[in-house]
Every structure is written in structure tokens, then in C-alpha cells.
Amino acid sequence: MTIMKGVGSQPRNRTGRSGHATRRQRAARAAIPYLYLVPAATFFIIFVLVPLGQTLYLSFYDWNGISAGTWVGVDNFVRAFQDPDTIAALSHSLVFIITFCVIPVILGVTFAAVLSKQQVRGLAFFRTVIFVPQVISSVVIGVAWRWMYQDTGTVNQVLGFFGIPSTTPWLGDFTWALPAIGLVGTWVMTGLCMVLFLSGVGRIDGDLYDAAKVDGAGPFREFFNVTLPGLRPELIVATTITIIAALRTFDLVFVTTQGGPGKSTIVPGTEIYRTAFREGDIGYASTLAVILAVVIFALVRGVNYVLREEKA
Amino acid sequence: MAIEAPPAQPAIKRATAVHRVVKPTSRRPRWVWSTALSRGAIYAFLSISSVIVLLPLVSIFSVSLQPAGTSVGGLQWPADPQWSNYVAAWTTGSFSRLMMNSLVVAAVVVPVTVTITVLAGYAFGTMKFRGSNVLFYMFLIGLVMPFEATVVPLYYNLRSMGLINVPLGVMLPQIALYTAFGVFWMRSFFRSTPLALIEAARIDGASSLRILFSVLLPLARPAILTLATLYFIWSWNEFLLALVILQSPEVQTAPAGLGLFVGQRLSDIPGLSAGAIIISIPTLVLYVILNRKIISGILQGAVKG
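Residues numbered from 1 in each chain as written. Chains lettered and ligands numbered in written order. Predicted model: local features only at pLDDT ≥ 70, side-chain atom pairs only at ≥ 80, totals over all residues.

Caption draft 1: Geometry of the overall build of chain A. Along its length, chain A carries 13 helices and two strands. Over its C-alpha atoms chain A spans a radius of gyration of 24 Å, topping by over 25% the 20 Å that the globule rule assigns to 312 residues. Relative to its 312 residues, chain A shows a buried fraction of 48%. (Helix = DSSP H or I, 4+ residues; strand = E, 2+ residues; numbered from the N terminus. Rg over C-alpha atoms; globule rule 2.2 N^0.38 Å. Buried ≥ 20, exposed ≤ 12 C-beta atoms within 10 Å, placed from the backbone.)

Caption draft 2: Main features of the environment of Arg39 of chain B. Mapped onto the elements of the fold, Arg39 of chain B is located in helix 3 (residues 35-64). Put simply, Arg39 of chain B and Phe136 of chain B are 97 residues apart on the chain and 45 Å apart in space, counted from C-alpha to C-alpha.

Caption draft 3: Unusual backbone geometry, seen in detail. With an omega of -5°, the peptide bond running from Gly260 of chain A to Pro261 of chain A counts as cis. For Pro261 of chain A, the location among the structural elements is in the loop between helix 11 (251-256) and helix 12 (268-278). One non-glycine residue with positive phi stands out, namely Gln258 of chain A, at about 55°. One can find Gln258 of chain A in the loop between helix 11 and helix 12. Positive phi is not limited to glycine here, since Asn165 of chain B has a value of about 65°. Topologically, Asn165 of chain B is positioned in the loop between helix 7 (148-160) and helix 8 (167-192).

Caption draft 4: Molecular detail of the nonpolar core. Residue and element names in this part refer to chain A. Formed by 178 residues in total, the largest nonpolar core has its most connected members in Ala112, Val143 and Phe197. Here this core takes 16 residues from helix 7 (residues 177-201), the largest share from any one element. In this structure, Phe197 is in contact with Gly108, Val109, Phe111, Ala112, Leu231 and Glu234, ignoring residues within four places of it in sequence. (Core = buried A, V, L, I, M, F, W, Y, C linked by C-beta atoms within 7 Å. Contact = placed C-beta atoms within 7 Å.)

Caption draft 5: The interface of chain B and chain A, seen in detail. Counting residues at the interface gives 102 residues for chain B, matched by 98 residues for chain A. With 16 residues, the top contributor of residues to the side of chain B that touches chain A is helix 13 (residues 269-304) of chain B. The class makeup of the residues in the side of chain B that touches chain A is 68 nonpolar, 25 polar and nine charged. (Nonpolar A, V, L, I, M, F, W, Y, C, P; charged D, E, K, R; others polar.)

Caption draft 6: Region of the structure containing the environment of Gly93 of chain B. All names here are of chain B. Note on placement: Gly93 falls in the loop between helix 4 (84-90) and helix 5 (95-126). By C-beta crowding, Gly93 is classed as buried, having 23 other C-beta atoms within 10 Å. A sequence separation of 126 residues divides Gly93 from Leu219, and the C-alpha atoms of the two residues are 44 Å apart. Setting aside residues no more than four positions away along its own chain, Gly93 makes contact with Ala88, Gly271 and Gly275.

Caption draft 7: Region of the structure containing helix 6 (residues 154-161) of chain A. Here helix 6 of chain A has its buried residues at Thr154, Val155 and Asn156 of chain A. One or two residues past the end of helix 6 of chain A sits Gly163 of chain A, with phi positive at roughly 80°.

Caption draft 8: Helix 3 (residues 84-115) of chain A, seen in detail. Under the 1.5 Å per step criterion, the end-to-end length of helix 3 of chain A is 45 Å for 32 residues, consistent within 8% with the ideal 46 Å. At Phe96 of chain A, helix 3 of chain A shows its strongest bend, of approximately 30°. (Expected span 1.5 Å × (residues − 1). Bend = angle between axes of the 7 residues up to and from the residue.)

Caption draft 9: Representation of the packing of helix 3 of chain A against helix 10 (residues 232-247) of chain A within the structure. Residues and elements named next belong to chain A. One way to put it is that helix 3 packs onto helix 10 with a least axis distance of 8 Å and a crossing angle of 150°. One way to sum up the angle between helix 3 and helix 10 is to call them roughly antiparallel. In this structure, helix 3 meets helix 10 at a crossing whose hand is right-handed. Listed contacts from helix 10 to Ser93, Phe96, Ile97, Phe100, Cys101, Pro104, Val105 and Gly108 of helix 3 are Ala238, Thr239, Thr242, Ile243, Ala245, Ala246 and Leu247. (Axes fitted to C-alpha atoms, helices over the stretch in contact; angles between N-to-C directions. Parallel < 35°, antiparallel > 145°, perpendicular 65-115°, else oblique. Left-handed = near helix turned anticlockwise from the far one by under 90°.)

Structure follows, in C-alpha cells:
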């Protein structure tokens, strides 16, 4: 949940306060902001930026983590795009984008639109409940769903209750394991999206609804002309957060299937982990990490671009 | 749904917005067609959503009370609930040690990260200086970047510093990783504080540090509390880093320990479930107490950026 998008505008102007300061005082004062940044920047540079640069650097090397590495140029990248595992992992991420992002966002927007200006008693309680997955460790979520999906687990129990007898061990099934994990993402993200859009819809100016009403707009036109444009900021945020979550999924897969059965649920995160820490192929793991980072940055930029351009 | 006359002010505002005079009561009929129906549907939807959200949690709770050695049954209240599974998970299952390790990590990460991001947010939010935008963009990277993108070199760097299997080895990268969010969060808080307040203190001759501590920090307390709570939850739940850096069981944190046990102790499903619930308790308790703050923190943090 650490993700936000976009950048605010320029900090507001707070200069022009030092009318009588001497030149030296002004120079000393000019250094002050940087001093405040030193601690945070130091941590950030040493433990985020430098490793990020090293990943990029290592992605051009063949290195097993022990002996000296060899420069191989773009060989790792060529290999990645021909590697069926990498392609499988990335295509599984696409499935996750549907279940982590598309479904929760649609559910969230629809829900917020229906609810829009209504007063619902007890909403705070429901909000608290549906938001719970956000504060639980993904490992615990993975364990809980691992039991849920077993042949004798709750999912089959519920299906049986609705007259669909099933003994499928969902996570052990080549066809179902991937969508099954994906739906856990839906479970995690829908509450976040619902609450996010709900707070957004409360902010839309009631006058706009009245104007739409006066112009004779029905519920659908009202939705597309007032609610949806009004929710644009939330739409950008929700899409960004959920896409990033979909692509960087690791914990959930690690705990539920470890990528199996076969390779039916491998994702970039598990491939990076396995390649680096199980196979010791550090260069190639770095290449995968670079590709993942680039895909995420590109998608985030893309989402922001598309949703901003559609200004009504 | 009693129909009440809205105060005069909004009526005027509405009239100007619509460019024709609208009777104040005109917005009510919008809901007449559907009020009862949609209200019922809303409650049904909210209830179903809540049940779906709670189902896995209730399931794992019911599994945790089954006799040791049983395989996973679905949702069923055990004939003889084995509360002793919790005692066993806490003592012999080593979850007490895992919890302690997680607590130590969070106890360092949270205050340090809060402190350094308050300082940085103060600079970004209230001061104008050369390069502020570039520096701010630099922190922005931390919000989008997947952790997977740095974890490999991080492992080798920390190893060369002798920080593998040492709590400090996860603390330092966690602090760095969470810095990005805090800088954003505190920056937007400080930007929202009244400029006049800072000006007045400055005219009184207060130094910038003095202004921060005596003028702004008292105001910032709620924002800082939210930030600290979110940091605690993230630090407590962090998995990949702990998995990679803390390999020996003595130093492992709770999620990493659980994540590894799940592959190894398949014979002890009730015990693992009990452990999973134990490690969720701290964040859940925090959530029950501070849910408004946590929800609005996550939402605002997301939207403000």
C-alpha cells in the first residue's frame, strides 16, 4: 500500500521573508533545507537507489554470485524474451491485472455509483470490515486461502451448499490454480477500491447531479457524465495501486503454490527469487528484475496518461 | 429520508451552477424510483461482501481449533475446540520468538523512519530551495519501484557488510523503502499548515528547528500517528526481505517464519493456523482501535500523492 501516483505542483512560495538578512546569513539559511533532507536521502540512496542501479548493472553480466562476472551485453535480455518461463510469468501477471485491478475497480465504481449520495446506516461498520484484508499479512492471507482451496476446504463446502458438489483441490489443478490465486487478489483489492471510490463519490459536487437531473439525464447518463468523471482521481489511484500489486505479487504465490503445479502459477517475483537465490544466476535474475520494473513504470505512466487525457 | 428544506445558501449556489433557478426540493425525486429497492440491494451487497471478506479468516480460525494432526476441514466448529493449539504454537511452535523478532524490527524501523521523514517532509513542505523538485522525484521512485528490483544486490551488499542474519539487515532497507511514502505524507501535511503560523514564528526570531518542534509538531501529531501506524503494519507484515536476509530461525520475523513453516510442517495444519492468527493479532488490534485513521491514511496517502 505504499503506492501513490503523480506529483503535486510546485511547493508554494515561502521565500521573501528575509528582507534584512546579510548575504552570509542568507547563504547559511539556503543550506538549511538540505540538512533536513540528509538523513532520509542517505537511507534512500544507500538502500534503494544504489541497489536499483546495481540491478541494472548486473543485468548486463553473467554472474553466479561467487566468481568474477562476465559482461554479456544484452544477452540476458535476449534470453529473457525467448525464455518460455519468463513469458509465462509475465502472461500470468496479465491474468492478475484482471483479477487484482479490473474486477475490483469495476466493482468499486459500480458500488460507489449506486451508493452515491445515499445515507446508509452502519456504513462505517461495513467499511471497516471490507477493508480488513489491507492490514493482514499477505502470508497469513495466503495460508488462509491455501486451506480454503483444499479439496475438503471451505470453497468446495460453499459450492456444495449451492448445489455444485466439488472436490477439486483448486491450487493443485493446472487449469484452476492461477485464477484461484488471482481471485485472492480480487478478495484483497475489492474492499480497498470500494472504500476509495466511496470517499471519492462523496466529494463530487451535488450541484452536478442536480444539473444532470435538470437536463433530463437518466441514471446511466448521470453515471457516465457526472460520477465517472468525478471519480477520475480515485480511478487513477486505484488502477495504479492494484496494477502494481498485481505485478509484484510474490508472497501470495510463494505461500500458496510456490509457482506450481508445474509452472502454472509462476510470476515475475517468484522467478526472480528462484533464479537468484535458488539457482544463483544473479545476472539473469537482475535482468528479470529490470524487465519487471520497466513494465511496472511503463504501465503506471500509461494509466496516468490515458486517464488524464480523457478529460471530459 | 424526511424531506427538509435545504438552507438558502446552497440553493443559491445551485441556481448559479445550473444557470437557471431550481427549486431546492428538486433533487429529492431522483431517489424516489429506487430508494427502497436500492437500499435493500445495498445492504444485501454490503452484507455479502462482508461475509466473503470474513470467510477465509473464520475458516482459518476454525481450522486452528481442530485436533492436532487433522487435515483441513472446511468451515465447521470443532466438537472439542483445541485452544491448546495456541499455547503449543506460542511455545513449541516458536511463534513467541518470531513475534519478538518482528517486534524488535518494528520498534526500530517505525521511530527512525518517522523521524527522518518528518524532517524531509518539513523541508519539502515549507521551504523553497534549488533542486527540490528533482529531489522529490527521486523519492517518488521508491513508491512505484517493486522491491524485487533491488533485493538481489541488496542481499550481496548486506552480506559484505556482515548484515545477513542480523535484524539490522532488514531494518535498514525497510527504513529506506518506507521513506518514500513518509516524505510524501509529511510533505503534504506541512504544505497544508497555515503559512501565517510559520511566518509569525519566524518574525519572532525562531529558528527553523524551533518552528518545527514548537509550532508544527504539536499540529502534526495526528498525521504522525497515522504514519507510524501504517509503518508498523508494513514492517510487521514485510515478507520478501525477511525471507532473503534472515535465514536462521533465531532471527526470523513472524511472516517469514510462517511462510517457511507452511512448506515444512504440513502435518501440523491446526498449529500453523493458530500461528497465523497469533501473528495477525497485533495489526488487527491496532486496526480495531485506529481503523478510521488507518483507512483514511491509506486513502489520503494514495490520493494526495
